Amino acid sequence: MSENNGGGGGFGWFLLGGLSGLVAGAYIASGPGRGQVDQLRSKTIGRSTSEPVQRAKDAAQRAGKMVTDPDHPVGKAIQDGVAAAKRRREELEAAAMRRVQQATNGGAKE
């Protein structure tokens, strides 16, 4: 009988934890934490224009162009890989269809 009494308490604790998290978040966002949030935001914006970040953005842009350019060796390799995967998939699907047909035909003869 005592086993059934403790079953629903977990949801209550979950709600209590969610409510306390909401209260703490509201306090931090509107109270003394607001200044910290603004400081972090200004630091993040300042660092997003720094040289390493800009170099990383440029490298990502160059990589994106290489991947999508069919004349670039990387783009060509990707296209070749996709085409090979498509051919192999078609081969596997055809082999599976043949096996299904053989199984269906073989079962009908018995």
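For the structure itself, look to the data block above.
Residues numbered from 1 in each chain as written. Predicted model: local features only at pLDDT ≥ 70, side-chain atom pairs only at ≥ 80, totals over all residues. Heavy atoms only, no water.

A.B. asks: Describe the overall build of the protein, with residues and values.
C.D. replies: Broken down by element type, the protein carries five helices and zero strands. Listing each helix as α and each strand as β along the protein from the N terminus yields α-α-α-α-α. Across the 110 residues in the protein, those meeting the buried criterion constitute 2%. Approximately 9600 Å² of the protein is accessible, and the part contributed by carbon and sulfur atoms is 61%. (Helix = DSSP H or I, 4+ residues; strand = E, 2+ residues; numbered from the N terminus. Buried < 20%, exposed > 50% of the residue type's maximum accessible area, 1.4 Å probe, protein only. Areas by Shrake-Rupley, 256 points an atom, 1.4 Å probe, with all protein chains shown as cover.)

A.B. asks: Would you mind going over the pattern of salt bridges in detail, with residue names and values included?
C.D. replies: Opposite charge on two side chains lets them pair, provided their charged atoms get close. The final tally for this structure, using the stated rule, is four salt bridges. Two residues, Arg88 and Glu91, come together in a salt bridge whose shortest N-O distance is 3.2 Å. Of the two residues, Arg88 and Glu91 are both situated in helix 5 (residues 73–109); the distance of three residues between them amounts to about one turn of the helix. Given the relative accessible area of 46%, Glu91 is considered partly exposed. (Salt bridge = Lys/Arg side-chain N within 4 Å of Asp/Glu carboxyl O.)

A.B. asks: Provide a residue-level description of a nonpolar patch on the surface, including the pertinent values.
C.D. replies: Judged by side-chain polarity, Met66, Val67, Val74, Ile78 and Val82 come together as a nonpolar surface patch covering roughly 370 Å² of accessible area. Among the secondary structure elements, those contributing two or more residues to the nonpolar patch are helix 4 (51–68) and helix 5. With three residues, the single largest contributor to the nonpolar patch is helix 5. Following the sequence through the fold, Val82 ends up in helix 5. (Patch = residues over 30% accessible without salt bridge, like charges linked within 9 Å, V, L, I, M, F, W, Y side chains within 5 Å.)

No statement about biological role is implied by the geometric values presented.
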